[in-house]
Amino acid sequence: MSSPQPGNILPLILDPRETLFIKPGGELGAPGDPNLVGIIPPVAPGNFGSKAFRKEFNLRYAYVGGAMVGGISSVAMCVALADMGGLGVFGASGLRPAAIEEAIARLRSELPEQTFGSCLIHSPQDPAWEERVAEIYVERGVTLVEASAFMQITPSLVRYRLHGLSTAPDGTVVAPNRVIAKVSRLELAKRFFSPPPPKIVQEALNRGWITEREASLAPLVPVAQDLTAEADSGGHSDFRPALTLWPSAVRLAEECSLRHDYRQPLRVGAAGGLGTPMALLAAQDMGLAYFVTGSINQSCVESGLSEGGRALLAKAGQTDVSQAPAADMFELGSKVQVLKYGTLFAPRALKLAELYRQHASLEDLPAEEARNLEEKIFRKPLSQVWAETREFFAARDQATLEKAEANPKLRMALVFRWYLGQASRWAIAGLADRRTDWSIFCGPSLGAFNEWVAGSFYEDPANRRVADLAGLLLHGAAVMKRLALARDLGLLPDDFHGLIEPLPPEELGNFF
Ligand SMILES: Cc1cc2nc3c(=O)[nH]c(=O)nc-3n(C[C@H](O)[C@H](O)[C@H](O)COP(=O)(O)O)c2cc1C
């Protein structure tokens, strides 16, 4: 038998719509030929992930653009993803309730039929915000939220999930409000896969947020039917390796489905690290139900991030990211993953976290350190930062202000959080004068994407559209699957890696 000739058959393998009937020696045969040694079936991106997930959310592709804080995952991004048959989640975290209401109204009018989601982020520093946002979703009929950063199930989340719960004539429970939970830890995943805790249901009932009927049906539904297992990603991250997290989460979903005897099996989606077709195919082969991207989308034209920020992102490599303290959970020591290419935010923010750990108050900082902070980081006296912070909390959160007035360590935390929060806003707005302070959440998936598309049409961030990137990953994964099948059939040499080129939009369009 002659050795495989990748050159002859490769173009056919690369079109995932073709069925290939293979005869001995790698020759092409016809259906029904008695000498066939194998078949390479078509691989359709529309079959990736879970059919039930696609049906639940009325999608053509099990592909999700995850929420990105401060409207970075914008209305335009959600619309573009919905139009290609995927799902976009609006980045409501960090926005004022009025801005969220406005975005929801736009999404509803632009997507009257298609599904979109919006973020409900746990907000231990500002519980009133979490309550108000959950209320907006209930009032405005938002039927899908991505619930993130929850360390426990809160009454606001339970209110959202249980609102409108009823039974169909056949006795099945109908839950109009869907929750996609996002976690990195299995112990938290278990809580989301369980029915809401009775104590929290009672609390929501006592507050008049749910009816007796809704409370009585609570034991029959999981808090979240879908759960995104988030490995090392941009933004809040536990930096878990995908290769260990994803299979464990899939297994947990199976266990919990059996234990609670739910009518519909629980589902697990993959997030963290999806920046190439190969990564998406790995998630598909591990049994994940859907695929969530974030970092790559932030570099696209629909992103709410400034043009300057997107230009930096497009140049980053996989190692150009770093841990930094999270603004919203600074005192708890939570971490986010940010870009370190072209900005000094990470080392500056880490310096603040170190000073916070070592000192009891702003007044306790050594004079030299305080001067450094005022000159290099805050660019104004610390007393002035506190005055501005005070004003902010006086208008928004009197209780925290009172605590801070009495607690110098908390005062220091709020002043330091001023910088962490402003640095994200400066990046979103593209404030040139603060370029070295820009805080841009980003994971290594973006560097992997940049490496793959280097030298192609997509190297320039002006050419990056979220729907095209989704298409690139999905189509590419289908092609990679075909290459793997061809290798198994001996049609390609074992060491043939088949690194596929990113197709330009006009060619990609043929497949979608
Ligand atoms: C800039 C940025 C902001 C993010 N903000 C949020 C957020 O507000 N809520 C949330 O649930 N996830 C947030 N994420 C996580 C993404 O939704 C997504 O889960 C993650 O980016 C996937 O991993 P990847 O970064 O490797 O693509 C953010 C990610 C990035 C890059």
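On a predicted model such as this, the values are computed, not experimentally measured, just so you know.

Q: Explanation requested: the pairing of strand β15 (residues 335–339) in the structure shown.
A: Regular strands place side chains that alternate from one sheet face to the opposite one. Of all five residues in β15, four are buried, a share of seventy percent or more. Here strand β14 (residues 321–325) runs beside β15; their pairing, made up of five bridges, is antiparallel. Note that in β15 the partner of Gln323 across the bridge is Gln337.

Q: What am I meant to see in the site of the ligand here?
A: Near the ligand there are 29 residues, and of these Gly66, Ser148, Ser233, Gly234 and Gly294 occur at the shortest range. Of all the secondary structure elements, the ones that give two or more residues to the shell around the ligand are β5 (117–121), β6 (144–148), β13 (291–293) and α12 (295–298). Broken down by class, the residue content of the shell around the ligand amounts to 11 nonpolar, 15 polar and three charged.

Q: I keep staring at the sheet that holds strand β11 (residues 235–236) and nothing clicks. Help me out?
A: Strand pairing in a sheet takes place through backbone hydrogen bonds and is either antiparallel or parallel in direction. A sheet is described by the order of its strands in space; here three strands give the open sequence β11-β15-β14, paired in antiparallel fashion. In this open sheet, the two strands that pair with only one neighbour each are β11 and β14. Sheet topology note: the β11/β15 ladder contains two bridges and is antiparallel. Paired with His236 across the two strands is Val336, which belongs to β15. Here helix α14 (residues 345–358) sits on the sheet in contact with β14 and β15, set at roughly 30 degrees to β14.

Q: What's the story with the domain arrangement of the protein chain in this structure? I'm lost.
A: A common way to express how large an interface is: the accessible area buried when the components associate. The domain boundaries assigned to the protein chain delineate domain 1 (1–42), domain 2 (61–305) and domain 3 (312–439). The centre of domain 1, based on its C-alpha atoms, is set 59 Å off from the matching centre of domain 3.

Q: Would you take a moment to explain helix α15 (residues 367–378) for this structure?
A: In an α-helix, one turn spans 3.6 residues, which is why side chains three or four residues apart end up on the same side. The set of residues buried in α15 consists of Leu373, Ile377 and Phe378. The arc that holds the buried residues of α15, viewed along the axis, is 65 degrees, so those residues lie on one side. The outward face of α15, more than 90 degrees from its buried face, is lined by the exposed residues Ala367, Glu368, Arg371 and Glu375. For α15, the secondary structure elements touched by its buried residues are α14, α16 (382–396) and α18 (408–429). In the segment just after α15, Arg379 is the residue with positive phi, at about 60 degrees.

Q: Hey, could you run me through the sheet that holds β13 in this one?
A: Reading around the circumference, β3-β4-β5-β6-β9-β10-β12-β13 is the order of the eight strands in this closed barrel, with parallel pairing throughout. Strand-to-strand twist in this sheet, taken as the mean axis angle between neighbours without regard to direction, amounts to 30 degrees. Sheet topology places strand β9 (residues 178–183) next to strand β10 (residues 226–230); four bridges connect them, and they run parallel. If you follow Lys182 over to β10, its bridge partner there is Thr228. Along the sheet, helix α3 (residues 75–83) contacts β3 (63–65) and β4 (87–90); its crossing angle with β4, the most-contacted strand, is approximately 165 degrees.

Definitions and cut-offs
Residues numbered from 1 in each chain as written. Predicted model: local features only at pLDDT ≥ 70, side-chain atom pairs only at ≥ 80, totals over all residues. Buried ≥ 20, exposed ≤ 12 C-beta atoms within 10 Å, placed from the backbone. Helix = DSSP H or I, 4+ residues; strand = E, 2+ residues; numbered from the N terminus. Pairing = 2+ DSSP bridges. Near = placed C-beta within 6 Å. Nonpolar A, V, L, I, M, F, W, Y, C, P; charged D, E, K, R; others polar. Contact = placed C-beta atoms within 7 Å. Axes fitted to C-alpha atoms, helices over the stretch in contact; angles between N-to-C directions. Domains from an automatic or database assignment. Arc of directions from axis to C-beta.

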